[in-house]
Each structure stands twice: as structure tokens, then as C-alpha cells.
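Each chain is listed here by its residues.
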Amino acid sequence: MHKGIAASSGIAIGIVHVLQDEPIAVNTSLVHENDVNKELERLEQSLHLSKKQLKELHEKTANESGEENARIFEAHLMILDDDMLLDEIKNKICSERFHAEYALSQVAEVYMKMFSEMEDDYLKERAADIKDISTRVIKNLQGRSVDALANIAQEVVIVAKDLSPSDTAQMDKDKVKAFLTDIGGKTSHTAIMARSMEIPAVLGLGDITVQANKGDPVIVDGNKGIVYLNPDQETEERYRILMKEYGQYLQELKAVKELPAETRDGRRKVELAANIGTPKDCKGALENGAEGVGLFRTEFLYMDRASLPSEEEQFQAYREAAEKMAPYPVIIRTLDVGGDKQLPALEMPDEMNPFLGWRAIRLCLDRTDIFKTQLRAILRASYYGKVRIMYPMISGVKQVRQANQILDSVKTELKGEGIPFDHQVEVGIMIEIPSAALIADLLAKEVDFFSIGTNDLIQYSIAVDRMNERIAHLYDPLHPAVLRLIKNVIDESHKVGIWTGMCGEMAGDEKAVPILLGLGLDEFSMSAASILPVKKVIRSLSYQEAVEIADQAMEMADSESIKAMIQQRLSPNGTCRTESNHD
Ligand code: PEP
Ligand code: MG
């Protein structure tokens, strides 16, 4: 068995097709000075052909997997039009008399090194784009085939060191049953493509290209990130059953997409929303049936850059999300940095306990300049859809009042400037600190809604660092203390007629959902991929069952008993995903 990164879910059983990472030999001898122009011409011809191929790939990908995925080829075309890069290559041909392919490989090498040494994951990935595009142009210069994957005749599992955008775009979805690669992670291009093509993928397997041989039978479990090469009969039989069950499960999920998120008896309806990190994520949210964004983490605008984002830049991003999701609501969380998220643009102090330190609303109430700019941008965006504002890391009433005072002053400014915004914009807070959960009755009088941030609430209430692997077993969403805090927040909000949502990971945890539903949680916000599985759980329960499960859980002493009780109540009907399919 080989363990890698579960990058795209699903199960496949098939035959290995190893994609050789052929080394590209280039002619390093010098060109005769009379042939320099010929070399420049060869380069032009190859660039021309490469652009033609890229335009075709762009069109194919846009038709098959959507414009978003096709955009990578626009980026490649832009690289081929980059004058600075082309001048460097031409210069090497003219002044150093390099062959075109050698000149190109030398320049590409420099850029690849530069990108791969960058901190930012996104920019790091650009090194792969340079490699992809330079390989294409060199192969065209050498008259070699650039579409090794286009003509696969039988159904296969592709095994490769890594896969480039050009590789994945050429694949015939009906022939390729899964991808396995030596390198790459969850956010790599290969992973994104695999998910969008709905092909199981296990990446980062280390040396799978060495272990696997062409024609080997293979089982790929993309849910768990496991691969069996030459599996025994028993494993294969087990996986054939799992594959069938998983297929049925997916069909059932698709079937619930258009149905309401309500209990089996229609007595309780909730809102299922998505957590997003950038406006681009709205597409996936809507495709998975989200009825809103319950948490827009705005940090992406501030991180990995030397200066703070302008009001205009923020406004454009918030407006894009509001417009894409309209008429559904988008809850925009104000800046939540500090803790593990450092801002290069800000002098952030070294702290003994950063998670208990100068972060989120605490920072914003000190740096009102930053806070006001963001609030202006959010308010301006509120004119273009249904926007709600949410403050993170609130620990007491005073902070909410201070934040609201600043919000009021910003509203007055905008009014004075004649800038339109939603004057009824709702304002809520995250409940992610135990003190806030315990004084939910007091806080409820100050706001329009609560959203429980269990990721932090759990770490603070059980005193378990959410990032420390060593004590991960103590990080327990179903700990009775956590459940009591959650119940208190929901009950107190309902007493004064406001609603409570949840945007921590727990909202998407199928085991926790019956309890949360029974406790009366009004909105569940999670990663887009969890929405349909959660909806399926909700639709399988009657309101009475959910209330009974919640009541029983509240009486229990530990999470093991709670889990066992839920499993027992749900499994006779197979409501939860089978354990073996759980990722
Ligand atoms: C949370 O704490 O539950 C939450 C959603 O916020 P973050 O994960 O961004 O801290
Ligand atoms: Mg948090």
C-alpha cells in the first residue's frame, strides 16, 4: 500500500500507464554566425505553433471544464507574448550564438528558479507554468509530439512525476480513470484539475513512478489518499464493493442538490452556506448548492504583499462576491490576522502567545485606519448584493460597541459623500472565545446574528492548540463543554429573536450535524464540498429525531459515547457515509 495526499475524491480500479518525464536534450553547440537569423526564424515559427496549440487547448478546456480552468492557457499565452522574456532569449541567440532551444531552456531555468524560491504557494506554482510552456516550445522546435496523452486508447490510471496543465487538458476524461503523481499537493494545478474533472487523484506519492510499471493493476482510493499496486484478490473485491457504494452515494448527493435543506418531515429548514477565501470560490459554492456565503475570510487580500490593500481593491473583491452570490447573502468577516497569520505590511510584534495576542478585532480597534478602510469597502459593496458584516474574536460587549461606533462613523462619512450602501446592513459577531459564548445573552442584545467559530472555540475552551499535531487527539468538537457552549449561544440568540450560524469546520462534520440541527442551529457554513453530504444527513432525519439526538448528547459524559450513539441511531438506514469511504 502507498500513502499520498488525497487530492481528489473517488475510487478507481484500473491499469497503470506511466507517463515518462522524458529528459529534453538540447543542442548546446554554437550556431554559425551566418545561421543566427535562421535560428531566430525557427524560434518565431515554434512560438507561432505553440500559440496556436495553446489557443486550441484553451477552447477545449473551456468547453469541457469551464472558463475558470481554461484561464491557465491564457496565462501561458501571455508568457509567450512577454517581450522581456523573448528579448532575453533572442539576445542569447544573437550575442551568444546559442541554438534557439538552448537559449530558451537557459532563460526558462532562471525564471523557474526564481519562482520556485518564492514563499508564496501561488507564485511557487508559476515555476511549473514556465516549465510547461518552455517544454512545449522546445518540443515544437525539435518537431516532437507535444500531445503524448491525447491518444490514449484504453482506460488507464495515469502515473507521472507531475502533470502539467497541458498534460491534463489533453486527457480524455472517459479514458483516464485516476491520476497518481510523485510530487504535488492539494492546491497544485493537478489537484484542482482532477477535482474539476471529477477524477480521483492521489498526489505526492514520492516514488510511484519507480514502483509502478506499465500494465500493473492498481486501485486508487482518492478519499483516503491510498494506492494499492498489484492488489490481492481480497482487496480488489473489497474495493469493487466500496466503489459501487461510493457511486451510489454520489448519485444520491446529486439528487439532493435541488432539494431544500430541511428535515425529512419538512418541520425544520436551515440555511447551508459556503466558506470562501476569494470571490473566485463563489462558483464552487453555487455549484454545490450553497444558499449564501457564511464566512468570507478577507485575509487573502492582505497577505503575501508588502503594502496594505486599498479601499478600491477591497471594494472590487467584496462587490464581486456580493454580485456573484446575489440574491443570497455574503457574510464578510473583517480582518482576522495575527495568531499564525502574519502581515508583512504591518509591524507585528513577536508575542509569547500569538493566539492569545494582538489579533483580529483587537488589532482593528487599535489600527482604526485599517479597520475604517475595510468597513468603507464592505459598505460600498453592500449596495451590489446582500452583504452582512461580521467581527471576529469578540470577547466582550465593549468591543462590539466600539466596533459599531466606528462602523457608524464610516456610514456617516459615506452618506456625506453621497456614496450608496445598504443602510440596513446586518452586523454580527463570531463566537469563538468561551467568554463570548458564556455571555451570549448580553451580546445578543448588541447584534443581528451570531456565527460560531468552532475552530477557535474548541481550541480555547479545551486549551488545545488547533495546529499542534501532538495533541490533535484532544481536539474534540463533541466534547461536552463545547456542546454546552454551543447550546447556550443558540438558546440565548433565539430568546431575543436573532439567529445563530456556525462557520467553523464542525458545521460540515456529518457526525456533528444531527446534534447541531437538534439544538436549533439556523445556518451551517462550510467548505463547498461538504454542503451536499450535510444536506443529505439533514434530509434523512425527522425534526423529532434530531431533537432527541441533541437531548441525548447533552446528557452524555464524553464524545466517544456521543459518537457511538449517533452512529447507532443513523447507521441502520445508512445515513452517514460508510466509515471506509470517509476521508
Ligand atoms: C473559526 O475559528 O472557527 C473560524 C471559522 O475562523 P478561522 O478558522 O478563520 O480562525
Ligand atoms: Mg477563528
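Residues numbered from 1 in each chain as written. Chains lettered and ligands numbered in written order. Predicted model: local features only at pLDDT ≥ 70, side-chain atom pairs only at ≥ 80, totals over all residues. Heavy atoms only, no water.

Defined as follows: UniProt positions are given in the numbering used here, feature names are shortened, and annotations may be inferred rather than shown by experiment.
The name an unreviewed UniProt entry assigns to the protein chain is Phosphoenolpyruvate-protein phosphotransferase, from the organism Heliobacterium chlorum. UniProt's Sequence similarities (unreviewed entry) comment on the protein chain is quoted here verbatim: "Belongs to the PEP-utilizing enzyme family."

### Some thoughts on a negative patch on the surface
Just so we agree on the cut-off: In this analysis, a patch consists of residues with relative accessible area above 30% that form no salt bridge, clustered at 9 Å for like charges and at 5 Å for the nonpolar side chains Val, Leu, Ile, Met, Phe, Trp and Tyr. The accessible surface values rely on the Shrake-Rupley method and a 1.4 Å probe; as for residues, cover is taken only from the protein chains in view. The salt bridge criterion pairs a side-chain nitrogen of Lys or Arg with a carboxyl oxygen of Asp or Glu, the two atoms within 4 Å. The charge count treats Lys and Arg as positive and Asp and Glu as negative. His and the chain ends do not count. For the purpose of locating charges, the reference atoms are NZ of Lys, CZ of Arg, CG of Asp and CD of Glu. Put simply, DSSP marks the helices as runs of H or I at least four residues long and the strands as runs of E at least two long, and each gets a number from the N terminus on.
Taken together, the side chains of Asp82, Asp83, Asp87 and Glu88 make up a negatively charged region of the molecular surface. Among the secondary structure elements, Asp87 is positioned in helix H3 (residues 83-96).

### Quick word on the coordination of the magnesium ion (ligand 2)
Here is the rule: Only nitrogen, oxygen and sulfur atoms qualify as donors, and only when within 2.8 Å of the metal (3.2 Å in the case of Na, K and Ca); with water excluded, sites may look incomplete. For every residue, the accessible area obtained with a 1.4 Å probe (protein chains only) is divided by the maximum for its type, and the residue is called buried under 20%, exposed over 50%, and partly exposed between those limits.
The protein atoms that coordinate the magnesium ion (ligand 2) are Glu432 (OE) and Asp456 (OD), at distances of 2.0 to 2.2 Å. Of the two residues, Glu432 is situated in the loop between strand E13 (426-431) and helix H15 (434-438) and Asp456 in helix H17 (residues 454-462); the sequence distance between them amounts to 24 residues. On the basis of relative accessibility, which here comes to 2%, the residue Glu432 falls in the buried class.

### Considerations on the pattern of salt bridges
Summed over the entire model, instances satisfying the criterion amount to 32 salt bridges. Residue Asp81 pairs with Lys51 through a salt bridge whose shortest N-O separation is 2.9 Å. With Asp81 in the loop between helix H2 (67-80) and H3 and Lys51 in helix H1 (residues 36-65), the pair connects residues that are 30 residues apart, well separated along the chain. Glu446 serves as the salt-bridge partner of Arg401, at 2.9 Å between the closest nitrogen and oxygen. Of the two residues, Arg401 sits in helix H14 (residues 397-417) while Glu446 sits in the loop between helix H16 (440-444) and strand E14 (449-452), which places them 45 residues apart along the sequence. For Glu446, a relative accessible area of 24% translates into the label partly exposed. Several salt bridges share partner residues, and in doing so they unite Glu299, Arg333, Asp336, Arg359, Asp456 and Arg466 into one network.

### Quick word on the environment of Lys445
Turning to its location among the elements, Lys445 is positioned in the loop between H16 and E14. Sequence separation between Lys445 and Gly497 is 52 residues; the distance between their C-alpha atoms is 9.7 Å.

### Quick word on the pairing of E14
For clarity, the threshold we go by: Only strands that DSSP links by at least two bridges are regarded as paired with each other.
Side chains Phe449 and Ser451 of E14 all project onto a buried face; the interleaved residues Phe450 and Ile452 project onto the opposite face, where all are buried too. Where E14 meets strand E15 (residues 499-502), four bridges bridge the pair, whose relative direction is parallel. Bridge assignment links Ser451 to a residue of E15, and that residue is Gly501.

### Topic: the nonpolar core
Here is the rule we go by: Residues grouped as a nonpolar core are buried Ala, Val, Leu, Ile, Met, Phe, Trp, Tyr and Cys residues, joined through side-chain atoms within 4.5 Å. Every residue pair with non-hydrogen atoms within 4.5 Å of one another is taken to be in contact.
Residues Tyr318, Tyr391, Phe450, Ile486, Ile515 and Phe524 are the most contacted members of the largest nonpolar core, which totals 101 residues. Setting aside anything within four residues of it in sequence, one finds Tyr391 in contact with Thr334, Ile361, Phe371, Val400, Ala403, Asn404, Leu407, Val427, Gly428, Ile429 and Met430. Formed by 32 residues, the second largest nonpolar core is a distinct cluster that contains Ile72, Ile79, Ala100 and Leu104.

### Here we look at H3
Formally: In a helix, the anticipated span is given by 1.5 Å times the number of residues less one. Here a polar contact is taken to be a pair of N or O atoms separated by no more than 3.5 Å, where protein atoms must pair a possible hydrogen donor with a possible acceptor and residues adjacent in sequence count only if both atoms sit in side chains.
Along its 14 residues, H3 runs 19 Å from first to last C-alpha, staying within 8% of the 20 Å computed at 1.5 Å per residue. Among the residues of H3, those classed as buried are Leu85, Leu86, Ile89 and Ile93. Taking the backbone nitrogen of Met84 as reference, a side-chain oxygen 2.9 Å away marks Asp82 as the first, capping residue of H3. Phi turns positive, to about 60°, at Arg97, one or two residues after H3.

### Some points on the site of ligand 1
Where we set the bar: Only heavy atoms are used to decide nearness, and a residue is near a molecule or strand if one of them lies within 4 Å of it. Ten residues, namely Ala, Val, Leu, Ile, Met, Phe, Trp, Tyr, Cys and Pro, are considered nonpolar, four, namely Asp, Glu, Lys and Arg, are considered charged, and the remaining ones, Gly among them, are considered polar.
Not every one of the 13 residues close to ligand 1 is listed here, only the nearest: Arg297, Arg333, Gly453, Asn455 and Arg466. Between ligand 1 and Arg297 there is a distance of 2.8 Å, counted from an oxygen atom to a side-chain nitrogen or oxygen. A total of 290 Å² of accessible area belongs to ligand 1 in isolation, and the protein chains cover 98% of it. Elements represented by at least two residues in the shell around ligand 1 include exactly strand E10 (293-297) and H17. With three residues, the single largest contributor to the shell around ligand 1 is H17. Tallied by class, residues from the shell around ligand 1 come to three nonpolar, four polar and six charged.

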